[in-house]
Amino acid sequence: QVQLVESGGGLVQPGGSLRLSCAASGFIFTRFSMSWHRQAPGKERELVAVISSGGGNTNYEDSVKGRFTISRDNTKNTVYLQMNSLKPEDTAQYYCKADYEGWTFWGQGTQVTVSS
């Protein structure tokens, strides 16, 4: 059974940090590129960051460059999103996604709220 389980969301003040985790099971994690997406109320889901299967290549949405870092630990089947200097506009439900040759899996999401 394929599972992607996100954790680490919560309420944080502007300028604060959070680290999201996404634990994967039920598929060969090392074959899949992994990404984080987010969706704010009333908006479309958008790509935040992506990391290649081996971890050597990453890409970021422009508004998070320099603030967010995606990483993965293939020994733990886990992908992370370190979020620093958080802004109110980062408030959203964050989802992780796995992709490999037409196979796509989504997690259930974790809420991040940035507010004073």
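Before reading on, note that the structure itself is shown above.
These remarks concern the structure in this document.

1. Details of the sheet that holds strand E3 (residues 18-25)
Okay, step 1: A sheet is described by the order of its strands in space; here four strands give the open sequence E1-E3-E8-E7, paired in antiparallel fashion. The two strands at the open ends of the sheet, each matched to only one other strand, are strand E1 (3-7) and strand E7 (68-73). Pairs of neighbouring strands in the sheet enclose a mean axial angle of 15°, with direction left out of account.
Okay, step 2: Inspection of the sheet shows E3 paired to strand E8 (residues 78-83) by six bridges, in the antiparallel sense. Of the residues in E8, the one forming a bridge with Leu 18 is Met 83.

2. A few points about the state of the cysteines
Okay, step 1: Applying the stated rule across the entire model yields one disulfide.
Okay, step 2: Disulfide partner of Cys 22: Cys 96, at an S-S distance of 1.9 Å. Here the disulfide of Cys 22 and Cys 96 is right-handed, its torsion about the S-S bond being about 40°. Within this pair, whereas Cys 22 is found in strand E3, its partner Cys 96 is found in strand E9 (residues 92-100), the two being separated by 74 residues in sequence.

3. Comments concerning the pairing of E3
Okay, step 1: Note that E1 and E3 share five bridges and pair antiparallel. Residue Gln 3 lies in a different strand from E3, and its bridge partner there is Ser 25.

4. Some points on the environment of Ala 98
Okay, step 1: Relative to the elements of secondary structure, Ala 98 occurs in strand E9.
Okay, step 2: Judged by relative accessible area, which is 0%, Ala 98 ranks as buried.
Okay, step 3: Note: C-alpha distance between Ala 98 and Ser 33 (65 residues apart in sequence) is 5.9 Å.
Okay, step 4: In contact with Ala 98, not counting residues within four places along its chain, are Leu 4, Phe 27, Phe 32, Ser 33, Met 34, Trp 103, Thr 104 and Phe 105.

5. Description of the packing of aromatic side chains
Okay, step 1: Within this structure, the stated rule accounts for seven aromatic pairs.
Okay, step 2: Between Trp 103 and Phe 105 the ring centres are 6.4 Å apart and the planes differ by 40°, which places this aromatic pair in the tilted class.
Okay, step 3: Of the residues examined, Phe 105 reaches a relative accessible area of 16% and is grouped as buried.
Okay, step 4: Grouping aromatic residues by their ring pairs yields a cluster made of Phe 27, Phe 29, Phe 32, Tyr 100, Trp 103 and Phe 105.
Okay, step 5: Across the ring face of Tyr 95, the terminal group of Arg 45 is positioned such that the distance to the ring centre comes to 3.7 Å.
Okay, step 6: Above the plane of the ring of Trp 106 lies Arg 45, whose end atom (NZ or CZ) is 4.6 Å from the centre.

Analysis parameters
Residues numbered from 1 in each chain as written. Predicted model: local features only at pLDDT ≥ 70, side-chain atom pairs only at ≥ 80, totals over all residues. Heavy atoms only, no water. Pairing = 2+ DSSP bridges. Helix = DSSP H or I, 4+ residues; strand = E, 2+ residues; numbered from the N terminus. Axes fitted to C-alpha atoms, helices over the stretch in contact; angles between N-to-C directions. Disulfide = S-S within 2.5 Å. Buried < 20%, exposed > 50% of the residue type's maximum accessible area, 1.4 Å probe, protein only. Contact = heavy atoms within 4.5 Å. Phe/Tyr/Trp six-rings, centres within 6.5 Å; stacked < 30°, edge-to-face > 60°. Lys NZ or Arg CZ within 6 Å of the ring centre and 35° of its normal.

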